[in-house]
Every structure is written in structure tokens, then in C-alpha cells.
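Next come the chains, spelled out residue by residue.
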Amino acid sequence: MIVLALAVFLRFWQINRFPLGLFGDEAVNGLDALDVLAGRGAIFFPANFGREGAHIWLVAASLRLFGVTPFAVRLPSLLAGILTVAAAAWLGHEIVAARRRSAPGDRPLDAWLPLLVAAYTATSYWHLHFSRFGIRGIFTTLWTALAFAAFWRGVNTGGTRWFVLCGLCLGAGVYFYTASRFVPFALVIFLIVQAALAWRTKAGQPAPLLRTFFKPLLWAALAAALVVAPLGLYFVTHPGSFASRAATVSAFNAEVGGVSPLARIAQAALANVVQFFVPGQGDPAAFYNLPGRAVFDPLTAILALLGLLICLRRWRQPIFLFLALWPPLLLLPTFLAVDRFPTLPRALGVIPGIYLWAALGLQAVIEAGFRVETRLLAESGFLQDFG
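Residues numbered from 1 in each chain as written. Predicted model: local features only at pLDDT ≥ 70, side-chain atom pairs only at ≥ 80, totals over all residues. Heavy atoms only, no water.

## A few points about the nonpolar core
Okay, so step 1: Trp126 and Phe151 are the most contacted members of the largest nonpolar core, which totals 83 residues.
Okay, so step 2: Take this core: its biggest share by element is ten residues, from helix 7 (residues 138–157).
Okay, so step 3: Contact partners of phenylalanine 151, with chain neighbours within four places excluded, come to Phe163, Cys166, Leu187, Phe190, Leu191, Leu209 and Leu217.
Okay, so step 4: Within the second largest apolar cluster, nine residues are counted, among which are Ile56, Val59, Leu63 and Ala72. (Core = buried A, V, L, I, M, F, W, Y, C linked by side-chain atoms within 4.5 Å. Buried < 20%, exposed > 50% of the residue type's maximum accessible area, 1.4 Å probe, protein only. Helix = DSSP H or I, 4+ residues; strand = E, 2+ residues; numbered from the N terminus. Contact = heavy atoms within 4.5 Å.)

## A look at the packing of helix 1 (residues 2–12) against helix 4 (residues 70–102)
Okay, so step 1: Two elements in contact, helix 1 and helix 4, have axes separated by 10 Å at closest approach and are oriented at 160 degrees. Considering their axes alone, helix 1 and helix 4 lie roughly antiparallel with respect to each other. The element helix 1 and its partner helix 4 pack so that their crossing is right-handed. Contacts between helix 1 and helix 4 pair Val3, Leu4, Ala7, Val8, Arg11 and Phe12 from the former with Phe71, Leu75, Leu78, Leu79, Gly81, Ile82, Val85 and Ala86 from the latter.
Okay, so step 2: By residue class, the composition of the contact of helix 1 with helix 4 is twelve nonpolar, one polar and one charged. (Axes fitted to C-alpha atoms, helices over the stretch in contact; angles between N-to-C directions. Parallel < 35°, antiparallel > 145°, perpendicular 65-115°, else oblique. Left-handed = near helix turned anticlockwise from the far one by under 90°. Nonpolar A, V, L, I, M, F, W, Y, C, P; charged D, E, K, R; others polar.)

## With respect to the packing of aromatic side chains
Okay, so step 1: The full count for this structure, using the stated rule, is 30 aromatic pairs.
Okay, so step 2: With 6.0 Å between their ring centres and 85 degrees between their planes, phenylalanine 23 and tyrosine 288 make a pair best called edge-to-face. Placement of phenylalanine 23 in the loop between helix 1 and helix 2 (24–37) and of tyrosine 288 in the loop between helix 14 (261–274) and helix 15 (298–313) is noted, with a sequence separation of 265 residues between them. For the pair shown, phenylalanine 23 and tyrosine 288 are each scored as buried.
Okay, so step 3: Taking the centre distance of 5.7 Å and the plane angle of 40 degrees together, the rings of phenylalanine 322 and tryptophan 326 count as tilted. Placement of the pair is phenylalanine 322 and tryptophan 326 together in helix 16 (residues 318–330), with a separation of four residues, close to one helical turn. (Phe/Tyr/Trp six-rings, centres within 6.5 Å; stacked < 30°, edge-to-face > 60°.)

Printed below as a string of C-alpha cells:
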């Protein structure tokens, strides 16, 4: 509750002063929300290269309740940011449970992992920045965290209803931001990779989740398909809208760049990975970042890399394979969209996955410290004397 209260405070503190005014995307969202209130609502809004409509409907509800103000435009994002902190804690709890299922053992610090990932999410500048802007990308983080938490809850308990909830969240995310279309595919790719690795490794390794939970996963896919169906029908009848935004920024658009698509993708990939770790190499756009600020401070960067190494080392456990694959797979939108890079908005799906890396790294450092302290005390004879 303390972390959640901190998240609320940081997101609402002086929200009427910082950031000042509305920038272009926020203003267009507000104008479309006024159209909704005037009876001209839609499932997809073609202005500004096209945007899925769920966020605009939420902004419209906020305008109706609180008046036509910048605060009302930003309120849905504020609430989404706060809910994401709670979702991160839930996901952390399910990761601990999945870890214990794969490798039973006494790890007292596991109880702190949900708190750590929630605290990182609540206080990270990146997530805080987007929570205070009235744009739709922040909802990718929320629906991704909820979908993945529900998925692992289903794996941990075997309850079909949790897989259905996962599918509902995956479908809901598609109504908010174009990059959310990658999230279901990231989960599918993880399941396929885990199944392939389980098949190739020796007996005694965890069974493929795809086989163990095949029927519940079908229910998840059906739930996602039913949620997405109305938007899908819109795209069938308006085919130009489906890729209206992506087509303008794609590496395969001949008007973008001037070098080969693969070269542009490689440049974008390098820049979007470096922005997490190297000071001064972050997103340069003032609307999305403190220009040039890296996602991680140096200490958190080291902890995150340590957490990633832990995940790679323990890849045979499905939960660690999942944590290793999640951020790279959901960075793909930043690799393929090359109108500008590095870019933070299109990478929001990696939160709180990258902060789970940092939390795992911090947990490992503390555990190592305890082991060293215990060994030194034992070698000194202090523990025997004390006993």
C-alpha cells in the first residue's frame, strides 16, 4: 500500500503545473473526445494518422465529469499508470510462485520481489513521465502487465478462468495503441520457443506449457478474438486504416530513410537498446523524455543486466525464459518503425519486464551479500561462540 500511495502522489503532484499545457497528440485526443460527447463517437479515429478509440472514449468520460481541462485529458493516463503499479506487484507475485513451482526451495527474499518491481515501476522516470501525459501508449503497459500476470496465474493454479482473463486483456490492449498488437504474438512466440526447447532438451525438464495448457490457451485465444472482433470488422471494411500509421514509419517505406530497410532496422535496433543503458543516448524528444536521458540510471542498469544474465542462465525454467524474451520481443515495434530513433513511446510494452530484471538483480546481490556475511561469521567462529 505504501508503494501504491507513492505512485498516486508522484502522478498527481502538481499535475496542473507540470507538464505545462497540452502538446499536439494530447490536443487531438481531446478534440476527438469532444466529438464523442457531441455524438460522433467511433471505434477508430482516422485523424493524426489513425488511432484506436478506447483511450479517446475514456478521455471523453473524463471531460464529461471534470470539464474541458488539461487535467481531464490526462486523468485516464494517470489512473492507468497507478493501476500498472498494482499490476506489476501482482505479476511479481505470480513470478515468485512460478519460480517456486519450477525450483522448490527456501528463498526468504522472494517475498520482496513483488514490492521491488512495483517500487521500480512507481518511481521510474520513464513510466512516471508517460503517466502524466494524456496519450494512449501508457495503456500498453497496463494491459500487458495484466495479461501476463493472468497468464502466469493460470499456469500456477491451472484455472481456465485466468487464461480467459489473459485473453480478454490481450484483446483490450489492441483498442488502445498500435504497438499492443505485438503483445499476443510475444506470448505465442514464448510458448513456441519453450515447447521447442523442452522437446530438444533431456528428459526431466519442464513439460511444454503449450501442451500442458493447450485447452485453456485455446479459451484465451477465443476470448482475445471475441474482444478484438469489432475492431477487426472495422479494419475489414476500412482496410486502409489498419496500417495507416505503421505504413508511414515503417522501415520498408521507400520514403523513409534513404538506406536499405535492413540497415535502417539495424540502426533503430541499436539506438533503441542503447537508450536503456547509456547516459545521453535516450529519446531526444522533450515531449517523451528529458532529452537524452537514459531509461536506467547506472546502478539500475547494472542490476538489470545482472537480472537478464540470471534469466538467461536459468532459461530451462519457463518463467525465466519468459522474462528473458519479454523485453526483446516487445522492443520489435521500435526496430521496425524508423521515422525516428531512439523512441520511448513504442517501447512501453517492456515495462515492467525490464524492472523485473532490475529487481532480480538486486535480489541476487542481497542474497550474495547474506551468503558472504554468513561465511565470514562462520569462519571467524562468531556463530559458534554466539551459540
